[in-house]
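Topology and contacts: notes
Listed below are the residues making up each chain.
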Amino acid sequence: MNRQISQNTLSTISLIVGKENLFTSKEDAISYSYDGTPLHSQLPEAIVRPTTKDQISELVKLANKEHFSIVPRGAGTGLSGGSIPVPNCIILDMSQWNKILEIDQENLTSWVEPGVITSQLHQEVEKIGLFYPPDPGSMNICTIGGNVAENSGGLRGLKYGVTKNYVMGLEVVLPNGEIISCGGKSVKDVAGYNLKDFFIGSEGTLGIFTKILLKLIPKPETSKTMLAYFNTQADAGRTVSAIISKKIIPCTIEFLDNTTIRCVEEFSHIGLPIDINSLLLLEVDGHSTVVEEEALKIVECCKQNNATEVKIAQTVEEAIKLKTARRSAFSALARTRPTTILEDITVPRSEIATMLEKIAAISKKYNVLIGTFGHAGDGNLHPTCLTDERDHDEISRAEKAYEEIFIEAVKLGGTITGEHGTGLAKKKFLHLVTGYTAIETMRTIKKALDPNNILNPGKVFDI
Amino acid sequence: MKTENSNFSGIDIPSDDVLTNCMHCGLCLPVCPTYAITGREKSSPRGRIRLIKSVAEGTLDITQGFVDEMNFCLDCQACETACPAGVKYGSLVESARNQIRVQRKDSEFTLMMKWIFLRNILSKKYLLNIVSKLLGIYQSSGLEAAFKNSLVVKKLTPKLFKLQLLSPRIDGRFFDEIYPEIVLPRNTPKYTVGFLSGCIMNVAFAHVHEDTIKVLLHHDCRVIIPKKQVCCGSLQAHNGDFDVARELAKKNIDAFLKHDLDAIVMDSAGCGALMKEYGHYLHGDPEYSEKAKQLSGKVKDLTEFLYEIGLKVPAKQFSHRVSYHDACHLIHAQKISKEPRDLIKSIPGIDFVELNEASWCCGSAGIYNVTHYEDSMKILDRKMNNVKETQAEYLVANNPGCLTQIEYGCSQQQVNMKIVHFSTLLRTVYEL
């Protein structure tokens, strides 16, 4: 390999982390050249597995001195390119930092290392009747560190919010190698700037998490999962608004269009009818009497808005199967065409029906196949372009289609990304939502904290 | 993809379409046993796919590191079950191994093991018979006992010492020495089924085969065991030796299609998985393409077959605690997991207990426990922890490799559990 990082620097890195934690083979570089994002890749110079925060601090100091970049990485399931290498970088692999350090039942908090897998935390806290709501689609492998860095959402966002609503404290290695702690177990804390929130969603550009304090809540007593089938997307969209306007906040309202339904059914064989136009997957949770009452009202809402059929899951297993199938949607869509470019626009939920119409029209205009699914309840849609990276003409039409979808989403008062982050994939559209002055402000912050631009450079925006 | 630069060559190369189909979402990572060991991307399905893609694009040579990763994979195909996009990972890794073989890039040890076992002993019946007879004599003569207890041997060749403990017990009489070509049931036959005696199963699991035959006869099957049949070729194909696998497949097609069969019933998951794929391996062969598809269409795992025709109700209750381990080549390669569980649960009296991580590989994986002993044992340890937790009296596993491997785990860890094939359990239940 033609290296940009000198052998001397690699030797120093090896001294810092131990040679067993430094990987420089071409095979290793190739297998860390990507994350879950399509169409982007870059070989890193090396993959480094630090084992202590002091080692991370030393690596960061070395990067400033020797001018190489550091890209932190969890499980590499990101969908905006946040953990894809940049030229002249080392990958900081945090996946082995996988210990749940403490579950504090008196304060309802948990200290975790950043490499803890999200669903493992779910299982551990649920054993003792507690609940950590954020549940991204890749929760069986993605890490809490990555979730905080991207401010991930999930199926339960509608009622419970997203990762940022559950982060109470962070230990962070700054771009100059200093280590700070911010936030803590106090529910109220207004001492100084709210630095903790500042790092959430910073996509690895402002600091490296070494410890994360999460808020837990009591586990809902029971839940009910429902499926409603529709003949038109407009009916499904209107149903969402109707439910919310009845002052019911289900924990989940997921939308799947026909293309997505077909692919999901082909993978999971759970008996979804493949000839329906669209469906909503709904879940209410909480106290049993409230759940019963709300479920009835939801069924009524669905029927009033022309649902052709409403089914209620009879067992917990059936409900889990439905949700698991939904989580497979993004990858299952690759059954139709090999390259799936997934977007993540979000609009105010009252505009869901309008946005779905716009997506359909844009798909037609650019002659690209788009499967749409998403968290209809919180306005977060994942229009997914089904294409083939080997067909350059189609890829370019897909890119144009997305640009138009972004513009329409912003016009409706929405945003270009709800939960995947800006990363590499969406940075050229960031100005549509934030405006140029806001990006300039972000640059000022980045430059102040990371003057040598060593932490995940070129992500979110260019300097 | 720029295929003109590819470092693969010939006809059996990893498919470009399958490579492109992987969207590297990472949903395969949590089910991969080798990724669980190293935590490194290159030991994961999507990592390996990326490596194969790089060789196909000409940006990576078939390096030693590449070869090591291809051989480190168990080919358990748990990733295929987990993959929502439906990427046929197994076909990629097997084609890559075929390329490694054709381009002579295997290490000397692997090459030797593959040559001894795959090209010779298992593919050539007379050799397998001779070797097995010798192994049988060795195992029953007291020599083995002496070897096992010999501290000198343990010191001198620790690897050989461990490996010999893993060798299957050779049956006194081979299966095809016991049974004629056609076996008739007591009642009027309702079905005519073909039966594969196979290679290892024939010499080391003759007793399991016998149990299967008894069960089939009990279900009014006329059983045909074609004399001219050979090893199914599964170990060869999974290790990338497509040439030998195709030769064996053709011989079996000729041997089985001579008879008018309702089904070809398999009691070895690995063999069943491959025979269902004959159509794929012989695709495009002018003479055998169609015949292969015809044969594959008839192949059924024993549990699949019994589920279809209906299990006879046993005369007596069988009040025991029973658990079930999914052989990779049943659940992942053939997508069979419901049938065996439902059948076991339907036996009156049985207290069925689900094995945690039942679909996680046991580490046997063909000759993997010979070529990768240490890794195979790490994987077995994980399996054994779950096995012990069931506190079952019987653990059902429908593949010879799994039976040997988990039995070995039990003997190493002093676990008192009967590791049985479903046929053996049924024979006990029916008191046949």
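Quantities reported herein were computed from a predicted structural model and do not represent experimental measurements.

1. With respect to the overall build of chain B
Scanning chain B for helices and strands turns up 26 helices and nine strands. A total of 432 residues make up chain B; the buried ones form 52% of that total. Relative to all contacts within chain B whose residues are 6 or more apart in sequence, the contacts with residues 24 or more apart total 78%.

2. A few points about the overall build of chain A
Regarding its fold elements, chain A presents 16 helices and 18 strands. A globule of 463 residues ought to have a C-alpha radius of gyration of about 23 Å, and chain A, at 22 Å, matches this closely. Dimensions along the principal axes, computed over C-alpha positions, put chain A at roughly 70 × 60 × 40 Å. Here chain A holds 463 residues, and 54% of them are scored as buried. Within chain A, residue pairs in contact and separated by at least 24 positions form 71% of the contacts whose partners lie at least 6 positions apart.

3. Quick look at the interface of chain B and chain A
Counting from both sides, the interface comprises 26 residues of chain B and, opposite them, 30 residues of chain A. Considering every element that reaches the side of chain B that touches chain A, the biggest residue donor is helix α3 (residues 45–57) of chain B, with four residues.

4. Focus: the packing of helix α20 (residues 302–309) of chain B against helix α22 (residues 338–346) of chain B
Residues and elements named next belong to chain B. For the pair α20 and α22, interaxial distance at closest approach is 9 Å and the crossing angle is 60 degrees. One way to sum up the angle between α20 and α22 is to call them oblique. Seen from above, α20 lies across α22 with left-handed handedness. On α22, the residues touching Thr303, Glu304, Leu306 and Tyr307 of α20 are Glu339, Pro340, Asp342 and Leu343. Partitioned by chemical class, the residues of the contact of α20 with α22 number four nonpolar, one polar and three charged.

5. Looking at the sheet that holds strand β8 (residues 167–173) of chain A
All names here are of chain A. Sheet architecture is open: five strands sit in the order β5-β6-β10-β8-β9, paired in antiparallel fashion. Of all the strands in the sheet, just β5 (100–104) and β9 (179–183) have a single pairing partner and so form its edges. Sheet twist, expressed as the average angle between the axes of neighbouring strands with direction ignored, equals 10 degrees. Bridge count for β8 against β9 is five bridges, and the pairing is antiparallel. Counterpart to valine 172 in the pairing with β9 is isoleucine 180. Sheet contacts for helix α3 (residues 53–66): β8, β9 and β10 (208–215); angle to β8, the most-contacted strand, approximately 55 degrees. Sheet contacts for helix α4 (residues 118–127): β5 and β6 (109–112); angle to β5, the most-contacted strand, approximately 35 degrees.

6. Remarks on the domain arrangement of chain A
All names here are of chain A. Structurally, chain A comprises domain 1 (7–93), domain 2 (100–218) and domain 3 (222–411). Taking only C-alpha atoms, the centre of domain 1 and the centre of domain 2 are 23 Å apart. Domain 1 puts 14 residues into the contact, and the matching count from domain 2 is 19 residues. Of all the secondary structure elements, the ones that give two or more residues to the side of domain 1 that touches domain 2 are α3 and β3 (69–73). In terms of residue count, α3 provides more of the side of domain 1 that touches domain 2 than any other element does, six residues in total. Classifying every residue of the side of domain 1 that touches domain 2 by side-chain character gives six nonpolar, six polar and two charged.

7. So, the confidence of the model for chain B
For chain B, per-residue confidence averages 90 on the pLDDT scale, and 94% of positions sit at 70 or higher. Across the interface, the model reports ipTM at 0.95; the global pTM reads 0.93.

8. Comments concerning the pairing of strand β13 (residues 252–257) of chain A
Residue and element names in this part refer to chain A. When you tally the buried positions in β13, you get six out of six residues, the bulk of the element. Side chains Thr252, Glu254 and Leu256 of β13 all project onto a buried face; the interleaved residues Ile253, Phe255 and Asp257 project onto the opposite face, where all are buried too. By the bridge criterion, six bridges tie β13 to strand β14 (residues 278–286) in an arrangement that is antiparallel. Bridging from a neighbouring strand, isoleucine 253 pairs with leucine 282 of β14.

9. Re the domain arrangement of chain B
Residues and elements named next belong to chain B. The assigned domain composition of chain B is domain 1 (3–106) and domain 2 (314–430). In this complex, domain 1 contributes 11 residues to the contact, which on the side of domain 2 involves 14 residues. Put simply, the parts of the chain that give the side of domain 1 that touches domain 2 at least two residues each are α2 (33–38), α4 (64–72) and α5 (78–82).

10. Comments concerning the sheet that holds strand β2 (residues 46–48) of chain A
All names here are of chain A. With mixed pairing, the four strands of this open sheet are ordered in space as β1-β2-β4-β3. Each having just a single partner strand, β1 (22–23) and β3 make up the two edges of the open sheet. For β2 and strand β4 (residues 89–93), the ladder comprises three bridges, and the chain directions are parallel. Across the sheet, isoleucine 47 pairs through a bridge with isoleucine 91, a residue of β4. Most of the contacts of helix α1 (residues 7–17) go to β2, to which it runs at about 15 degrees, and overall it touches β1 and β2.

11. Concerning unusual backbone geometry
Phi is positive for lysine 247 of chain A, which is not a glycine, with a value near 65 degrees. Within the secondary structure, lysine 247 of chain A is located in the loop between α8 (233–245) and β13. On the basis of neighbour counts, which here come to 8 C-beta atoms within 10 Å, the residue lysine 247 of chain A falls in the exposed class. With phi around 60 degrees, aspartate 220 of chain B is a residue other than glycine that occupies positive phi space. The residue aspartate 220 of chain B is located in the loop between α14 (206–218) and β3 (221–224) in this model.

12. Quick look at the environment of threonine 252 of chain A
Residue and element names in this part refer to chain A. One can find threonine 252 in strand β13. Look at threonine 252 and you get buried, because 28 C-beta atoms sit within 10 Å. Beyond its immediate stretch of four places on either side in the chain, threonine 252 contacts Leu155, Arg156, Leu158, Leu281, Leu282, Glu283 and Gly377.

13. What to know about the nonpolar core
In this structure, Ile70 and Ala228 of chain A together with Val396 of chain B are the most contacted members of the largest nonpolar core, which totals 243 residues. Among the elements that take part in this core, helix α16 (residues 242–257) of chain B stands out by supplying seven residues, more than any other.

14. Some words on helix α10 (residues 288–304) of chain A
All names here are of chain A. Its 17 residues give α10 an end-to-end C-alpha distance of 24 Å, which sits within 8% of 24 Å, the value for a rise of 1.5 Å per residue. Within α10, the full set of buried residues consists of Glu294, Ala295, Ile298, Cys301 and Cys302. When α10 is viewed along its axis, its buried side chains cluster within an angular range of 125 degrees and face the same direction. Exposed residues on α10 whose side chains face more than 90 degrees from its buried face are Thr289, Leu296 and Gln304. Tucked inside the fold, the buried residues of α10 contact β12 (222–230), α8, β14 and β15 (309–312). One or two residues past the end of α10 sits asparagine 306, with phi positive at roughly 70 degrees.

15. Details of helix α13 (residues 352–365) of chain A
Residue and element names in this part refer to chain A. With 14 residues, α13 ought to run about 20 Å at 1.5 Å a step, and its terminal C-alpha atoms sit 20 Å apart, in line with that. If you check which residues of α13 are buried, you get Ile352, Ala353, Met355, Leu356, Lys358, Ile359 and Ile362. Summarising the contacts, the buried residues of α13 are in contact with α8, β17 (369–375), β18 (380–387) and α14 (392–411).

Scoring rules and cut-offs
Residues numbered from 1 in each chain as written. Chains lettered and ligands numbered in written order. Predicted model: local features only at pLDDT ≥ 70, side-chain atom pairs only at ≥ 80, totals over all residues. Helix = DSSP H or I, 4+ residues; strand = E, 2+ residues; numbered from the N terminus. Buried ≥ 20, exposed ≤ 12 C-beta atoms within 10 Å, placed from the backbone. Contact = placed C-beta atoms within 7 Å. Rg over C-alpha atoms; globule rule 2.2 N^0.38 Å. Axes fitted to C-alpha atoms, helices over the stretch in contact; angles between N-to-C directions. Parallel < 35°, antiparallel > 145°, perpendicular 65-115°, else oblique. Left-handed = near helix turned anticlockwise from the far one by under 90°. Nonpolar A, V, L, I, M, F, W, Y, C, P; charged D, E, K, R; others polar. Pairing = 2+ DSSP bridges. Domains from an automatic or database assignment. pLDDT = per-residue confidence, 0-100. Core = buried A, V, L, I, M, F, W, Y, C linked by C-beta atoms within 7 Å. Expected span 1.5 Å × (residues − 1). Arc of directions from axis to C-beta.

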